[in-house]
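What the coordinates show
Letter by letter, the chains look like this.
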Amino acid sequence: MTAEAKPAVPPLTERQEARRRGILQAGAQLAGRGGFEAVQMREVADAAGVALGTLYRYFPSKVHLLVALMQDQLQHLHASLRRRPTAGDDAARRVADTLMLAFRALQRDPHLADAMVRALTFADRGVSPEVDAVSRLTTAIVLDAMGVENPTQEQLSVVRVIEHTWHSALITWLSGRESIAQVKGDIDTVCGLIDLPADTR
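Let us look at the structure shown here. Since the model is a prediction, treat every value here as computed from it, not as a measurement.

Okay, the packing of aromatic side chains next. Overall, the coordinates contain two aromatic pairs when judged by the stated rule. Residues Phe-36 and Phe-122 carry aromatic rings whose centres are separated by 5.3 Å and whose planes lie at 80° to one another, so their mutual orientation is edge-to-face. Here Phe-36, found in the loop between α1 (14-34) and α2 (41-48), pairs with Phe-122, found in helix α6 (residues 110-122); they are 86 residues apart in sequence, far enough to count as distant. Under the relative-accessibility criterion, Phe-36 is labelled buried at 8%. Relative accessible area serves as the criterion here: at 47%, Phe-122 is assigned to the partly exposed category. With 5.0 Å between their ring centres and 70° between their planes, Phe-103 and Trp-173 make a pair best called edge-to-face.

Next comes the structure, spelled out in structure tokens:
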């Protein structure tokens, strides 16, 4: 093993996974009631019925916890979309509709959405693996909607721009600076990059 390599993390046992899910659920409930500031680690531990030290072994900070919640929600969305993908022959339209579906899912619980997006914004290098997992899931969701299995570097660049726009639109909507109609317009506009000929981008 090289100096840079890290030992493989063993998979969670069934009991550990159940405890982890209980912690995530407790965090989601607290965030749903009061947003980012309402998620206090001692309260999460109490609500989940675990010791504070146990909570920190699973999630070293509330940013880790909230980013993990975003990952969890995206995993559920990805699985749902694979069962029932958005319809349409136009890749740009499918991606735009898919991202608006994700947006509306977050819209149903704005306090939780705000907490998760703020956590992603505040995340430092210590949370990089969790943030990377969220990014990979978002990329997979967009590529599935595009109908692309083996993307080119150019396509991945377009996907990154789409992801950045979606994230920015979430932030501006949550801050009250952009309406849902404006969010949809931004997403429609950036998804138009998908169908542009390469030499016009």
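Additional details are given in the paragraphs that follow.
To continue, consider the side chain of His-78. Position of His-78 among the secondary structure elements: in helix α4 (residues 62-83). On the basis of relative accessibility, which here comes to 11%, the residue His-78 falls in the buried class.

Counting residues in hydrophobic clusters, the biggest one holds 62 residues, and the most contacted among them are Phe-59, Val-95, Cys-191 and Ile-194. Considering every element that reaches this core, the biggest residue donor is α4, with 10 residues. Those residues in contact with Cys-191 that sit more than four places away from it in its chain are Ala-92, Val-95, Ala-96, Leu-99 and Ile-162.

This part is about the environment of Val-44. Note on placement: Val-44 falls in helix α2. With relative accessibility at 0%, the residue Val-44 sits in the buried group. Residues Val-44 and Gln-25, spaced 19 residues apart in sequence, show a C-alpha to C-alpha distance of 9.1 Å. Beyond its immediate stretch of four places on either side in the chain, Val-44 contacts Ile-23, Ala-26, Gly-27, Leu-30, Val-39, Leu-55 and Leu-65.

So, how was this worked out
Residues numbered from 1 in each chain as written. Predicted model: local features only at pLDDT ≥ 70, side-chain atom pairs only at ≥ 80, totals over all residues. Heavy atoms only, no water. Phe/Tyr/Trp six-rings, centres within 6.5 Å; stacked < 30°, edge-to-face > 60°. Helix = DSSP H or I, 4+ residues; strand = E, 2+ residues; numbered from the N terminus. Buried < 20%, exposed > 50% of the residue type's maximum accessible area, 1.4 Å probe, protein only. Core = buried A, V, L, I, M, F, W, Y, C linked by side-chain atoms within 4.5 Å. Contact = heavy atoms within 4.5 Å.

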